[in-house]
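Single-letter residue listing:
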Amino acid sequence: MERLIRILKEHGQDRMARYLATVSPDKAGRLAVQLKQIDWDMLELWRLPEPRPQGKISPITGLDRAEIAARKEEFSALGAEAVRAGKVGAVLLAGGQGTRLGFEGPKGMYDIGLTKPVCIFGRLIANLKEVTEGTGARVPLYIMTSAKNDAETRAFFKENNFFGYPKKEVRFFVQEMAPCVDMQGELLLEGDDRLALSPNGNGGWFSSMLRGGLGKDLAARGVEWLNVFSVDNVLQRIADPVFIGATIASGMKCGAKVVRKADPYEKVGVLCLQDGKPSVVEYYDLTEEMANERAADGSLAYSYGVILNYLFNVKRLEEIAAEKIPVHVVKKKIPFYDGSGYYVAPQRENGYKFETLILDMVRLMGDCLPFEVDREREFAPVKNRTGVDSVETARELLAKNGVEL
Ligand code: UTP
């Protein structure tokens, strides 16, 4: 314990060092187990500016909607063949906390129905079933949860009979957690004997899958492609044969569904090249000139906004599994225990979480096909209660697409 207190002090964790010295040996012991696992280098990152793109940024060529429409039959046949051969799996990223939505519980349980219950998970499974029922194929569904929502998510799927999806095709795995710190970089507590932890971002999904023993499942089933998607886009097509076929036909190891940016300054990550390699660059990393640059046909040169729906080649994922991706420091509202008997639910951002992001994997994949989709038909993210990307906008888009709510 003395050694641990010294380490804490060396890393500026005076408050935690003092706390450890005052609590019972039992509680201190439980905290010590967690403290010993801390990656101190990562915890120091809050002091540094966000990593910025280092290479030369240039536009990327993708498949636009007209070209996809012209080759739809070819792509669809190729993709459906891969799906029928069992080569495609789907990965639902559901480990996030969805703090912007402000819903207690896993975001997928949120009910967006108006006249009947329509939960987000149910909507996503209905979208996936369109493909499995259309092709008569089996698509394994891997669901990533976190320690915070795993039990509730599993129970919800069970209660709802997996929304009519074959239970044997569904596997859950749990992502890792990272400690949270306050604005001065000091560790926060969640209770009197445990640290405040949060899911460590969506960038570690593949390593968490492997850690969860699912590498064997992929190999046994002969899965060659994984379509990874977010929990909150209720309109997205999952295991879409046209997208899969187009990526296979391109000979690339990765595909990304993208939408055309609504305007030069829309706040979305943009798929482009960095030193000739595909990368996703945040909107604030594009200069004013780049944001407004036009291609020969008059469209925006940097217009492919990513919507967190990617197709990854499994072999390539295995090759890059040991590579590191950057950790991002994100300001958030973090509920905490103040060490003297009080729990605080902050109204404003009060600390930092540490997250890796799936968009940083695109660069490691080495190539990536931008595949443009119609945002009115495939992009309805539920991030907020109201306003932009909200329950309201998603409901409108679902209604436009003939989904009864
Ligand atoms: P978001 O970027 O919307 O993050 O996640 P979030 O944490 O869920 O939401 P806010 O920012 O607190 O409101 C995009 C996708 O990545 C998943 C989410 O569940 C969502 O599908 N995700 C995010 C994880 O699976 N794990 C994480 O640690 C973070």
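Predicted, not measured: the structure shown is a model, and the values here were computed from it. (Residues numbered from 1 in each chain as written. Predicted model: local features only at pLDDT ≥ 70, side-chain atom pairs only at ≥ 80, totals over all residues. Heavy atoms only, no water.)

**A look at the overall build of the protein chain**
(1) Moving on: What the protein chain contains, in helices and strands, is 16 helices and 19 strands.
(2) Moving on: The C-alpha atoms of the protein chain give 22 Å as radius of gyration, which agrees with the globular expectation for 405 residues (22 Å, within 12%).
(3) Moving on: Looking at the protein chain as a whole, 52% of its 405 residues are labelled buried.
(4) Moving on: As displayed, the protein chain offers around 19,200 Å² of accessible surface, 49% of which is attributable to carbon and sulfur atoms. (Helix = DSSP H or I, 4+ residues; strand = E, 2+ residues; numbered from the N terminus. Rg over C-alpha atoms; globule rule 2.2 N^0.38 Å. Buried < 20%, exposed > 50% of the residue type's maximum accessible area, 1.4 Å probe, protein only. Areas by Shrake-Rupley, 256 points an atom, 1.4 Å probe, with all protein chains shown as cover.)

**Re the site of the ligand**
(1) Moving on: As a structural note, the neighbourhood of the ligand is formed by 20 residues, with L93, T99, Q175, V231 and K383 the closest of them.
(2) Moving on: One of the side-chain nitrogen or oxygen atoms of K383 is found 2.7 Å away from an oxygen atom of the ligand.
(3) Moving on: Protein burial of the ligand: of its 570 Å² of free accessible surface, 89% is covered by the chains.
(4) Moving on: In terms of residue class, the shell around the ligand is made up of six nonpolar, ten polar and four charged. (Near = heavy atom within 4 Å. Polar contact = N/O pair within 3.5 Å; in protein donor to acceptor, adjacent residues only side chain to side chain. Nonpolar A, V, L, I, M, F, W, Y, C, P; charged D, E, K, R; others polar.)

**A word on the sheet that holds strand β18 (residues 351–355)**
(1) Moving on: Taken in spatial order, the three strands line up as β6-β18-β15 in an open sheet, and their pairing is antiparallel. Each of the sheet's edge strands pairs with one partner strand only, and the pair in question is β6 (181–182) and β15 (328–332). (Pairing = 2+ DSSP bridges.)

**Structural notes on empty space enclosed by the protein**
(1) Moving on: Under the defined criterion, the tally for this structure stands at one cavity of 30 Å³ or more.
(2) Moving on: What the largest cavity holds in volume is close to 30 Å³.
(3) Moving on: Every residue lining the largest cavity is listed: Q97, G98, L101, F103, G105 and K107.
(4) Moving on: Looking at the lining of the largest cavity residue by residue, the class counts come to two nonpolar, three polar and one charged. (1 Å grid on protein atoms, 1.4 Å probe; cavity = no way out; pocket = protein on both sides within 12 Å on 5 of 7 lines; lining within 4 Å. Points joined across faces, edges and corners; volume = space filled by probe spheres on them.)

**Structural notes on the pairing of strand β13 (residues 277–281)**
(1) Moving on: In terms of burial, β13 is a largely internal element, four of the five residues being buried.
(2) Moving on: Two strands pair when backbone bridges link them, and strand β12 (residues 270–274) and β13 are joined in this way by five bridges, in the antiparallel orientation. Counterpart to L273 in the pairing with β13 is P278.
(3) Moving on: Linking two consecutive strands that pair antiparallel, namely β12 and β13, is a turn of two residues; a positive phi of about 50° is found at D275 within it.

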